[in-house]
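This is what each chain is made of:
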2 protein chains.
Amino acid sequence: MFYLYRVKTTQNIKIAVDAVVFGYDTSNGLSLLLIRRKFDPYQGSWALPGGFVLDAESLEEAVTRELKEETGVHINYLEQLYTFGSPKRDPRQRIVSVSYFAIVRESAHQEPEATTDASDAAWFNVTELPNLAFDHQTIVNTAIERLRSKVRYNPVGFELLDTKFPFSDLEKLYSSLLDRPVDRRNFKKKIMSLGILDELNEKAPHKGAGRPGRLYRFNRKRYDELVRDGFHFEL
Amino acid sequence: MFYLYRVKTTQNIKIAVDAVVFGYDTSNGLSLLLIRRKFDPYQGSWALPGGFVLDAESLEEAVTRELKEETGVHINYLEQLYTFGSPKRDPRQRIVSVSYFAIVRESAHQEPEATTDASDAAWFNVTELPNLAFDHQTIVNTAIERLRSKVRYNPVGFELLDTKFPFSDLEKLYSSLLDRPVDRRNFKKKIMSLGILDELNEKAPHKGAGRPGRLYRFNRKRYDELVRDGFHFEL
DNA sequence: TATAAATTGTGTTTTTATTACGCATAATAT
DNA sequence: ATATTATGCGTAATAAAAACACAATTTATA
């Protein structure tokens, strides 16, 4: 391919992408998908999945490609998080990393495959993370903060749950992410008043004792319509 | 300098930074600092100030350096906005741009200097922007959206005003950014109840008719203390 | 198979926050 | 002087959030 003009810089910086992939289940809480590094530096350490951006692909394409190559998981949510570019964040050379925030739904929370690029990939509870390579702990902290603040005004929380869920699961999710007790009755009143959940004529499969709850589903179409008309919520 | 390990990629991507610099004054509203491009591509077009990142500087250092070189203005607020990386956003070659969001306070809203890097630099009202080079209009839109949503829960709005301001200026700022009428009395009650403004024993200099208002000042120290204790607000 | 334990479903009252609105005060403009 | 413009302060009506109690449905177990 030909370019009309030359870019006049002798810059020696590489650009990479990294993904903070969240999973969630009601009993174990929030978890994170990590890979074990096969090569130096930080060989054997756990790290975020990611890698270098190819010349012809977009940043989003780079993240999804790397995730597929390194972990094989299917993500259902992706957004850009922050770009980390301190000159010394990689010991090899200057690497600027565009980090992404991703979610794998509870039902799709299958075991990750180990592939050629990473010697191992596994889920870790966010409260029990191992030491991470590079500045990846900082990236993870930024992502957790983003998730915690974003669920308060955006339905991103529904991406963590199965498409059909009993109300108590939603309540536990918010109680855990907001890190405060949630009154079941007031919470349900508030959420239902938003008009973005469909009440299904199905009951949750029994798990242990107690009355099984009715199932609900997030109605994204309805949500998007409301947003177009200026709707927004705060929890 | 020596590196222990080689980075195995033949990536041909350059990394740049761009800044969306906001100014504001009560009579003219929100304005934006643009530069006129001296070289192709888009020679003569207006564009965001910015440029390539040097190997040894951080991204923030790159932005402030470029702003100084190209416009000479002194900014009092800077935060990362978003990273734009579509393969075709620059006709010369692949360039990933980390964009920043910056503010120049009303009092420091001096005329920008034209310098060597840019043939011209000027303030434009956000409602009367010229055609912009590259994907800079998209970046500007993202920044305006960020500003509009952020003033609702963050004191970033005070960065736009002079350090001492009459309450009516704050009211006009919010009314303009939130794009809705604001009841003077309720707005003042709400803001004062937050406890983050100091009421000064000074009156605003007279501008035209009407009773001059008392001056107020944002107390950042107090705000930071409150935030440490879990404080947050919504307007 | 009766009873305890666990969990969901629904409603009312109290408290707090928001919105709507009126009138006096202090300055400039004519 | 008097009209005009803008600030300062307060109260009533309305809406939202928080606090709180008991019935219904299921599994566990005595």
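This text goes with the structure placed above it.
Basis of the calculations
- Residues numbered from 1 in each chain as written.
- Chains lettered and ligands numbered in written order.
- Predicted model: local features only at pLDDT ≥ 70, side-chain atom pairs only at ≥ 80, totals over all residues.
- Heavy atoms only, no water.
- Helix = DSSP H or I, 4+ residues; strand = E, 2+ residues; numbered from the N terminus.
- Buried < 20%, exposed > 50% of the residue type's maximum accessible area, 1.4 Å probe, protein only.
- Contact = heavy atoms within 4.5 Å.
- Areas by Shrake-Rupley, 256 points an atom, 1.4 Å probe, with all protein chains shown as cover.
- Lys, Arg positive; Asp, Glu negative; His and termini not counted.
- Charge placed at Lys NZ, Arg CZ, Asp CG, Glu CD.
- Least-squares fit on C-alpha atoms with pLDDT ≥ 70 in both.
- Buried area = accessible area lost by both parts, 1.4 Å probe.
- Salt bridge = Lys/Arg side-chain N within 4 Å of Asp/Glu carboxyl O.
- Polar contact = N/O pair within 3.5 Å; in protein donor to acceptor, adjacent residues only side chain to side chain.
- Nonpolar A, V, L, I, M, F, W, Y, C, P; charged D, E, K, R; others polar.
- Axes fitted to C-alpha atoms, helices over the stretch in contact; angles between N-to-C directions.
- Parallel < 35°, antiparallel > 145°, perpendicular 65-115°, else oblique.
- Phe/Tyr/Trp six-rings, centres within 6.5 Å; stacked < 30°, edge-to-face > 60°.
- Lys NZ or Arg CZ within 6 Å of the ring centre and 35° of its normal.
- 1 Å grid on protein atoms, 1.4 Å probe; cavity = no way out; pocket = protein on both sides within 12 Å on 5 of 7 lines; lining within 4 Å.
- Points joined across faces, edges and corners; volume = space filled by probe spheres on them.
- Pairing = 2+ DSSP bridges.
- Near = heavy atom within 4 Å.

**Q** Kindly report on the overall build of chain A, identifying the contributing residues and their values.
**A** Counting secondary structure elements, chain A contains five helices and 10 strands. For chain A, the C-alpha atoms occupy an extent of roughly 65 × 40 × 30 Å along the three principal directions. Relative to its 235 residues, chain A shows a buried fraction of 50%. Partitioning the contacts of chain A with sequence separation of at least 6, the portion at a separation of at least 24 is 66%. Taken as a whole, chain A presents about 11900 Å² of accessible surface, with 48% of it coming from carbon and sulfur. Taken as two groups, the 34 positive and 33 negative side-chain charges of chain A have centres that lie 5 Å from each other.

**Q** So, the relation of the copies chain B and chain A: which residues are in play, and what are the values?
**A** If you rotate chain B by 180° and push it 0.0 Å along the axis, it lands on chain A with an RMSD of 0.0 Å. Seen this way, the second copy is the image of the first under a two-fold rotation axis. A shared interface surface links the copies, since 100% of the contact residues of chain B are contact residues in chain A too.

**Q** Give me the lowdown on the interface of chain B and chain A, citing residues and values where you can.
**A** Taken together, the contact pairs 41 residues of chain B with 41 residues of chain A. A combined buried area of about 3500 Å² lies between chain B and chain A, and 56% of that area is made up of carbon and sulfur atoms. Connecting chain B to chain A are two salt bridges. Put simply, Glu234(A) and Arg152(B) hold a salt bridge, and the shortest N to O gap is 3.7 Å. Counting every contact that joins chain B to chain A gives 17 residue pairs in polar contact (both at pLDDT 80 or more). Of all the secondary structure elements, the ones that give two or more residues to the side of chain B that touches chain A are β1 (14–25), α1 (59–70), β5 (77–84) and β6 (95–103) of chain B. Partitioning the side of chain B that touches chain A into residue classes produces 19 nonpolar, 10 polar and 12 charged.

**Q** Tell me about the packing of helix α3 (residues 167–178) of chain B against helix α4 (residues 184–194) of chain B, and name the residues and values.
**A** Residues and elements named next belong to chain B. Following both chains from N to C, one finds α3 and α4 inclined at 100°, their axes separated by 11 Å at the closest point. Comparing the axis directions of α3 and α4 gives the class roughly perpendicular. Across the interface between the two elements, Phe 167, Leu 170, Glu 171 and Tyr 174 of α3 pack against Arg 184, Phe 187, Lys 188, Ile 191 and Met 192 of α4. Residue composition of the contact of α3 with α4, grouped by class: six nonpolar, no polar and three charged.

**Q** Describe the packing of aromatic side chains, with residues and values.
**A** Centre distance and the angle of the planes are the two values used to describe a pair of aromatic rings. Tallied over the entire structure, the rule returns 26 aromatic pairs over all chains. Ring plane angle 50° and centroid distance 5.5 Å describe the contact between Tyr174(B) and Phe187(B), whose orientation is recorded as tilted. Taken together, the residues Tyr174(B) in helix α3 and Phe187(B) in helix α4 connect sequence positions 13 residues apart. This pair shows no difference in class: Tyr174(B) is buried, exactly as Phe187(B) is. In textbook terms, an aromatic cluster arises when at least three aromatic residues are bridged by ring pairs, as seen for Phe158(A), Phe165(A), Phe218(A), Tyr223(A), Phe231(A) and Phe233(A). Seen from the ring of Phe167(A), Lys188(A) lies directly overhead, with NZ or CZ sitting 5.4 Å from the centre.

**Q** Could you give me a rundown of the layout of surface pockets, with the residues and numbers involved?
**A** When its volume is computed, the largest pocket comes out at roughly 2400 Å³. Residue lining of the largest pocket: 49 residues in total, with Tyr153(A), Arg146(B), Ser149(B), Lys150(B) and Tyr153(B) positioned closest to the centre. With seven residues, the top contributor of residues to the lining of the largest pocket is helix α2 (residues 136–150) of chain A. Per-class residue counts for the lining of the largest pocket are 18 nonpolar, 13 polar and 18 charged.

**Q** Describe in detail the sheet that holds strand β10 (residues 214–218) of chain A, supporting the description with residues and values.
**A** All names here are of chain A. Taken together, three strands build an open sheet; the order of strands is β8-β10-β9 and the sheet is antiparallel. Of all strands in the sheet, those bounded by a partner on one side alone are β8 (164–166) and β9 (197–203). Taken pair by pair, the neighbouring strands of this sheet meet at an average axis angle of 40°, ignoring direction. Bridge analysis of β8 against β10 gives three bridges, and the strand direction is antiparallel.

**Q** Can you break down the sheet that holds strand β10 (residues 214–218) of chain B residue by residue, with the values?
**A** Residue and element names in this part refer to chain B. Within the open sheet, the three strands sit side by side as β8-β10-β9. Their pairing is antiparallel. Single-partner strands in this sheet number two, and they are β8 (164–166) and β9 (197–203). Here the strands of the sheet are splayed against their neighbours by 40° on average, with no regard to which way each runs.

**Q** I'd like to hear about the protein's contact with DNA strand D, residue by residue, with values.
**A** Around DNA strand D sit 22 residues, and of these Arg185(A), His206(A), Ser168(B), Arg184(B) and Arg185(B) come closest. In DNA strand D, atoms within 4 Å of the protein come 49% from sugar and phosphate. At 3.5 Å, a side-chain N or O of Lys203(A) approaches a phosphate oxygen of DNA strand D. Here a base oxygen of DNA strand D and a backbone polar atom of Gly210(A) are 3.4 Å apart. Mapped onto the surface near DNA strand D, the elements with two or more residues apiece are α4 (184–194) of chain A together with α4 of chain B.

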